[in-house]
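# Coordinate analysis (summary)
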Amino acid sequence: MDRIRIRGGNELNGIIPISGAKNATLPLMIASLLTDDTLTLENVPHLADVEQLTRILGNHGVDFSVTGKRLRQESGFGRTIHFTARNIVDTTAPYDLVSKMRASFWVIGPLLARMHEAKVSLPGGCAIGTRPVDIFIDGLRALGADIDIEAGYVVAKAKGGLVGNRYRLPKVSVGATHVLMMAATLAKGETILENAAREPEIVDLATCLTAMGAKISGAGTSTIRIDGVRSLSGARHRVLPDRIETGTYAMAVAMTGGDVTLTGTSVDLLPTAVETLARAGAVVTPVEDGIRVYRNGGGISPVDVVTDPYPGFPTDLQAQFMALMTRASGTASITETIFENRFMHVQELARLGARIQLAGQVARIEGVPRLKGAPVMATDLRASVSLVIAGLVAEGDTEVSRVYHLDRGFERLEEKLGRCGAEIERISS
Ligand code: EPZ
């Protein structure tokens, strides 16, 4: 299992290219099931989750091809991939595939919409929470699906196809909003989704679906209206930049000091995180084609944060911000409101000398003057990168094990940080 070793103490200076958003790429790939035409996605990040989903889509009969490198194209970042679901040959998504990448459960929406049936394994929980799918099931039933749970599978049928309806999500759910929006594109009549998620990735999916011929309005607000159409065609769509990767590297610079330009991204994607970083002592300003981040000359100030659905502070940046607060000039509190178990990075940060008290969903971080390198273990995707951020300033060496968590969501992290002066290497074993 690979490990990443970091020798702390270096500032970050230079340029970091931001990749396409993992959490947009996954639903966009799944949207290819909605048409027998080719859906071409540009700026696709090279991530383990994307590879896993490609295998899952292949199991349904989706062909895919990757456009090769072109003249004068900078190698490495952003692939163009073509997905064609000419015929869906299998409407079952098996446990051994779904359990490896829970967003693959989302195929249930397009399979039901196009094939009027789906048998998808319950995804099971993960490290950060039980991750139920009750809202997905409730919403698809509202669109006319008959759904049973049989032996760990969600077995769904919609004789004659789905039928549009008004449905209010009992809780803001990104995945359920993606799935119900996709399902509704081919339903008969109008669907109104209320209390829908407002994330930029929802807007990106709606933009792509519209290019495919769907009739959608209101994406990005709490109320999304979809008028069903008979079929969708192919399209070409560029995946939007990854706001979580953007916020992660901005927090790394806030931690180490230095001056870095994040290219191919925008402050508009993460307004609350930008405002929070400014209060913590980082200057985060828009520049041409990106964002410039540097410290404002003071130390790191403590800032209290409560995670919230977009446009609030993203739960996917909570662990990274906690790492930053370990070096603040006072005490900060972080309240996690989205997932019930998203503090597993706390005990690992403590191994580096952080002082953090947990009380239910609230972590209180007392800033310390220094961190000291140590072996630590990644427990989930975003927790793993918070350990890297802490390691960048810890005295001596920090070794992060189980970096397969990292590879799920951060494309070539050690290369991007290494090019800006971090002493970081991957140790394959
Ligand atoms: C998406 O997960 C993201 N994943 C997560 O990012 C992100 O943390 C999350 O949205 C919140 O922003 C992808 O986009 C692939 P939810 P999702 O449904 O859709 C509860 C990462 O690190 N809920 O918005 O699964 C749920 O338990 C990942 O990239 C139900 O109760 O999250 C949670 O408490 C981690 N019933 C809350 O809603 C349901 O049927 C929000 O979850 C569905 C969700």
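Bear in mind the structure is a predicted one, so any value in this text is a computation, not a measurement.

Right, let's get into the sheet that holds strand β12 (residues 215–217). Strand-to-strand pairing in sheets goes through backbone hydrogen bonds, with the strands running parallel or antiparallel. Sheet architecture is open: four strands sit in the order β10-β11-β13-β12, paired in mixed fashion. Edge strands, defined here as strands with exactly one partner in the open sheet, are β10 (166–168) and β12. Within this sheet the neighbouring strands show an average axis-to-axis angle of 15°, counted without direction. By the bridge criterion, five bridges tie strand β11 (residues 190–194) to strand β13 (residues 223–227) in an arrangement that is antiparallel. Counted as the bridge partner of Leu193 is Ile224 from β13.

Turning our eyes to something else, we now look at the sheet that holds strand β3 (residues 38–44). Here we have four strands laid out as an open sheet, ordered β4-β5-β3-β14, and mixed in their pairing. One side of each edge strand has no neighbouring strand; the edge strands of this open sheet are β4 (63–66) and β14 (235–238). Strand after strand, the sheet turns through a mean of 20° between neighbouring axes, direction not considered. Relative to β14, β3 runs parallel, the two sharing four bridges. Among the inter-strand pairings, Glu42 is bridged to a residue of β14, identified as Arg238. Of the strands in this sheet, β3, β4 and β5 (79–84) are in contact with helix α2 (residues 48–60), which crosses β5 at around 20°. Contacts from helix α7 (residues 200–211) reach β3 and β14 within the one sheet, and its direction differs from that of β14 by about 160°.

Moving on to the site of the ligand. Around the ligand sit 23 residues in total, of which Asp134, Ser173, Gly175, Asp316 and Ile338 are the nearest. At a separation of 2.7 Å, an oxygen atom of the ligand approaches a polar side-chain atom of Ser173. One nitrogen or oxygen atom from the main chain of Ile338 is found 2.5 Å from an oxygen atom belonging to the ligand. Its free accessible area being 830 Å², the ligand has 89% of it covered by the protein chains. At the level of elements, α1 (22–31), α5 (134–142), α6 (174–184) and α12 (381–391) are the ones that each hand at least two residues to the shell around the ligand. Partitioned by chemical class, the residues of the shell around the ligand number twelve nonpolar, four polar and seven charged. Here the shell around the ligand gathers at least three residues from each of two domains, domain 1 (3–18 + 241–427) and domain 2 (22–238).

Let's shift gears to the packing of helix α8 (residues 243–256) against helix α10 (residues 318–325). Their axes nearest at 10 Å, the elements α8 and α10 cross at an angle of 5°. Relative to α10, the element α8 is oriented roughly parallel. Across from Ile244, Thr248, Met251, Ala254 and Met255 in α8, the residues of α10 making contact are Gln320, Phe321, Ala323 and Leu324. Here the contact of α8 with α10 is composed, by residue class, of seven nonpolar, two polar and no charged.

Rules used throughout
Residues numbered from 1 in each chain as written. Predicted model: local features only at pLDDT ≥ 70, side-chain atom pairs only at ≥ 80, totals over all residues. Heavy atoms only, no water. Pairing = 2+ DSSP bridges. Helix = DSSP H or I, 4+ residues; strand = E, 2+ residues; numbered from the N terminus. Axes fitted to C-alpha atoms, helices over the stretch in contact; angles between N-to-C directions. Contact = heavy atoms within 4.5 Å. Near = heavy atom within 4 Å. Polar contact = N/O pair within 3.5 Å; in protein donor to acceptor, adjacent residues only side chain to side chain. Areas by Shrake-Rupley, 256 points an atom, 1.4 Å probe, with all protein chains shown as cover. Nonpolar A, V, L, I, M, F, W, Y, C, P; charged D, E, K, R; others polar. Domains from an automatic or database assignment. Parallel < 35°, antiparallel > 145°, perpendicular 65-115°, else oblique.

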